[in-house]
Amino acid sequence: SGNCEVDCICISSPNYPENYPADASCVIEVASGAALEVKDFSTEVFWDTLSVDDKIFYGTAGPDRVVAEREITFSSDGTDQDLGWHICALLPATVPTPAPTPYPTSSMELEGPCEFFGEGDICVQSPNYPLDYDDYEHCTIRFTESTTLYVGDFFTEKFSDKLTVDGVSYTGKTCPEQFNVTATSEIEWSSDWGTVHRGWRVCTQAVPPPPVPAPSGPIDPLFRQLGVSASSPMGTMRSAALVAAGVMLGLIMLWACMKCFFGGSVDGGEESSDG
């Protein structure tokens, strides 16, 4: 209320930038807490005051960087008017959101069941990799620009399941670590019927390591940890225990046989004497 001036996020003394009048007063309510930025401030010392909540300012010392939370009031007496003041709310600096890092753009075009992988489709792998590919597969890779192609893994049926790069075929575990290809290059993958393996993966950048398949079948944690072998102390103890058990079993069987034999002879002798 009063005759101060409010313009969006800024407030001014009455008649600013001319001198404010005598006996001026106003009250400005603050909707939400905001730091103040003083653009201009000049009032009569002691008598013409600007109050921000419970803090009083006059002369040339305005409420710069003071946080206003409730209300701002101004009053002047009847003598010695001055230029007044112009104050704005200090808005928080806008931090620009950094642009997301773009994924690398793939320079490969794919036709068939082979699969893109990696951010930006910069890699291609045989279907179902790292598990075995299927019979009678066929796919083609073409390129939109010249690039180097890195081979991360390669294992196919020798002589039969082929990765052909510009007319040169590779099978089994024989394949270069990298190829130089152009926009006219073409790579073809084909598998026949029968033996299958995990296949291959190639990238236009450094190739990530292939995933390690989880072990299958029961695992004995103790022996897997210790790696017991016949030459180790535990292996020797185990072998000695088996030998001792065999000897004991032999002695028991021998004792049982002797008991049966001699026991039968004694019984037979007694029957003969009775007769």
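Since the model is a prediction, treat every value here as computed from it, not as a measurement.

**Student:** Just checking my understanding: could you explain the side chain of Thr 43 for this structure?
**Tutor:** Residue placement: Thr 43 occurs in the loop between strand 4 (34–42) and strand 5 (49–52). Side-chain polar atoms of Thr 43 contact the backbone oxygen of Asp 48, separated by 2.9 Å. Contacts of Thr 43, omitting those with residues within four sequence positions, involve Tyr 20, Asp 48, Tyr 58, Gly 59, Phe 74, Asp 82 and Trp 85.

**Student:** Is there a simple way to explain the nonpolar core in this structure?
**Tutor:** Generally speaking, nonpolar side chains in soluble globular proteins are found buried as a group. One finds Phe 179 and Trp 200 to be the most contacted residues of the largest nonpolar core, which totals 20 residues. Put simply, the parts of the chain that give this core at least two residues each are strand 13 (138–143), strand 14 (147–155), strand 15 (162–165), strand 17 (178–181), strand 18 (186–190) and strand 19 (199–203). Not counting residues up to four positions away in its chain, the partners in contact with Trp 200 are Cys 114, Val 124, Gln 125, Ser 126, Tyr 129, Ile 141, Asp 153, Phe 154, Thr 156, Leu 163 and Trp 189. Residues Cys 4, Ala 24, Ala 68 and Trp 85 belong to the second largest nonpolar core, which totals 18 residues.

**Student:** Would you mind going over the sheet that holds strand 17 with me for this structure?
**Tutor:** Within a sheet, neighbouring strands are paired by backbone hydrogen bonds and run either parallel or antiparallel to one another. Taken together, five strands build an open sheet; the order of strands is 11-12-19-14-17 and the sheet is antiparallel. If you trace the sheet from one side to the other, it starts and ends with strand 11 (115–117) and strand 17, each paired once. Going from strand to strand, the sheet's axes swing by 25° on average, the running direction of each strand aside. In this structure, strand 12 (residues 123–125) lies alongside strand 19, joined through three bridges in antiparallel fashion. Each bridged residue has a counterpart across the sheet, and for Cys 123 the counterpart in strand 19 is Cys 203.

**Student:** I keep staring at the pairing of strand 5 and nothing clicks. Help me out?
**Tutor:** Working note: regular strand, side chains alternate between the two faces of the sheet. Side chains Thr 49 and Ser 51 of strand 5 all project onto a buried face; the interleaved residues Leu 50 and Val 52 project onto the opposite face, where all are buried too. Of the pairings in the sheet, the one linking strand 5 to strand 8 (residues 71–75) comprises four bridges and is antiparallel in character. Following the sheet pairing, Ser 51 is matched in strand 8 by Thr 73. Both strand 5 and strand 6 (residues 55–57) contribute to a ladder of three bridges, which runs antiparallel. In the strand pairing of strand 6, Val 52 is matched with Lys 55.

**Student:** Please explain the confidence of the model for the chain as it appears in this structure.
**Tutor:** For any part of a model where pLDDT is low, the fine detail of the predicted coordinates should not be relied upon. This prediction gives the chain a mean pLDDT of 82; 77% of its residues lie at or above 70. When the criterion is pLDDT under 50, residues 219–232 qualifies, and its contacts beyond four places in sequence or with other chains add up to ten contacts. Counting contacts from residues 266–275, a segment whose pLDDT is below 50, to residues more than four positions away or on other chains yields zero contacts.

**Student:** What is the right way to read the sheet that holds strand 1 (residues 5–7) from this model?
**Tutor:** Across the sheet, five strands lie side by side as 1-2-9-4-7; this open sheet has antiparallel pairing. Every interior strand has two partners, whereas the edge strands, strand 1 and strand 7 (67–68), have only one.

**Student:** What exactly am I supposed to notice about the state of the cysteines here?
**Tutor:** Think of a disulfide as a covalent bridge from one cysteine sulfur atom to another cysteine sulfur atom. Tallied over the full model, the rule gives four disulfides. Disulfide pairing places Cys 10 opposite Cys 88 at an S-S distance of 1.9 Å. Across the S-S bond of Cys 10 and Cys 88 the torsion is about 100°, and the bridge reads as right-handed. Highlighted residues: Cys 10 in strand 2 (residues 10–12) and Cys 88 in strand 9 (residues 84–90), separated in sequence by 78 residues. For Cys 10, a relative accessible area of 14% translates into the label buried. Indicated for the chain is the disulfide connectivity 1-3, 2-4, 5-7, 6-8, based on numbering the bonded cysteines in sequence order. Cys 10 provides the cysteine sulfur closest to Cys 8, a residue in no disulfide bond, and the two sulfurs are 7.2 Å apart.

What counts and how
- Residues numbered from 1 in each chain as written.
- Predicted model: local features only at pLDDT ≥ 70, side-chain atom pairs only at ≥ 80, totals over all residues.
- Heavy atoms only, no water.
- Helix = DSSP H or I, 4+ residues; strand = E, 2+ residues; numbered from the N terminus.
- Polar contact = N/O pair within 3.5 Å; in protein donor to acceptor, adjacent residues only side chain to side chain.
- Contact = heavy atoms within 4.5 Å.
- Core = buried A, V, L, I, M, F, W, Y, C linked by side-chain atoms within 4.5 Å.
- Buried < 20%, exposed > 50% of the residue type's maximum accessible area, 1.4 Å probe, protein only.
- Pairing = 2+ DSSP bridges.
- Axes fitted to C-alpha atoms, helices over the stretch in contact; angles between N-to-C directions.
- pLDDT = per-residue confidence, 0-100.
- Disulfide = S-S within 2.5 Å.

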